[in-house]
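Architecture and fold: a report
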Amino acid sequence: MIDKNYLKVLKELGFEEIILDKSILNQKSSNQIDKIEELNKIYKEIKVCTKCDLHKSRTNPVLGEGNVNAKIMFIGEAPGEEEDKQGRPFVGRAGKLLTKCIENAGHRREEVYIANINKCRPPNNRTPTIEEQETCIPFLLRQIEIINPKVLCLLGATAYRGIFKKEAKITKERGSILEFMGKKVYITYHPAYVLRNPKEEETFCQDIKNVFKLAGE
Ligand code: URA
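My aim in this report is to walk through the structure given alongside it, one point at a time. Because the structure is predicted, anything quoted here is derived from the model rather than measured.

**Details of the sheet that holds strand S1 (residues 65-66)**
On the basis of which strands lie adjacent, the open sheet formed by six strands has the order S1-S3-S2-S4-S6-S5 and mixed pairing. The sheet terminates laterally at S1 and strand S5 (177-180), the two strands that pair on one side only. One ladder, built from four bridges, connects strand S2 (residues 72-76) with strand S3 (residues 113-116); its direction is parallel. Of the residues in S3, the one forming a bridge with Ile75 is Ala115. The strands touched by helix H6 (residues 157-164) within the sheet are S2, strand S4 (151-155), S5 and strand S6 (183-188), with S4 carrying the most contacts at an inclination of about 130°.

**Focus on the environment of Lys169**
With respect to the helices and strands, Lys169 occurs in the loop between H6 and helix H7 (170-173). Judged by its relative accessible area of 62%, Lys169 falls in the exposed class.

**A closer look at the side chain of Glu77**
As for its placement among the helices and strands, Glu77 is situated in the loop between S2 and helix H3 (81-86). In this structure the side chain of Glu77 is engaged in a polar contact, spanning 2.8 Å, whose partner is the side chain of Thr158. Beyond its immediate sequence surroundings of up to four residues, Glu77 is in contact with Asn116, Ile117, Asn118, Arg126, Thr127, Pro128, Thr158 and His190.

What counts, and at which threshold
Residues numbered from 1 in each chain as written. Predicted model: local features only at pLDDT ≥ 70, side-chain atom pairs only at ≥ 80, totals over all residues. Heavy atoms only, no water. Pairing = 2+ DSSP bridges. Helix = DSSP H or I, 4+ residues; strand = E, 2+ residues; numbered from the N terminus. Contact = heavy atoms within 4.5 Å. Axes fitted to C-alpha atoms, helices over the stretch in contact; angles between N-to-C directions. Buried < 20%, exposed > 50% of the residue type's maximum accessible area, 1.4 Å probe, protein only. Polar contact = N/O pair within 3.5 Å; in protein donor to acceptor, adjacent residues only side chain to side chain.

So, to be careful, I would describe these as geometric facts and stop short of saying anything about function.
And the structure:
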């Protein structure tokens, strides 16, 4: 039996022709399709979201991307200029560094899921206000529930504040492992901080390796 929703989701993802191999409709793929559908619902909501002022200057909201069955979910702050243009997370300079460290750890970016505290770019890349963060975080919590990763990796102070609701000095907290929603949470630098402080690159890359180990990867 072909699931109509499956076809709908694929169409929304841009597939125009589908050659169906029924063997892919096993338990695992239907679970994957459910997740894609749920994420798509969130995407439709953020596309028209006007809950905070950040919508006024956005080009594209950035939901997140990656493997919907990922064991690891990276959480950054908010889209920057390039992310706002492309509608994808971590595709600018900071993203390239994150991708490089994932690859150095022997993995591929496509294996993990990458999201942010805020879905819209703050003007001039300023830090989103606490109010803006709190308005947007319910979307992220739904993403965490859907993806259900083993490990969350918080990239920088805004991700930490958004999740734990308290300020932290990341230079002090980095490397620590906490818990949230029953998941292990690894704290590390934001890659943009590492770009400004290149002597921290080795530490950051080692943290990313530790994250994969923590997830049993
Ligand atoms: N910085 C972030 O925090 N997130 C992105 O997606 C890009 C840069």
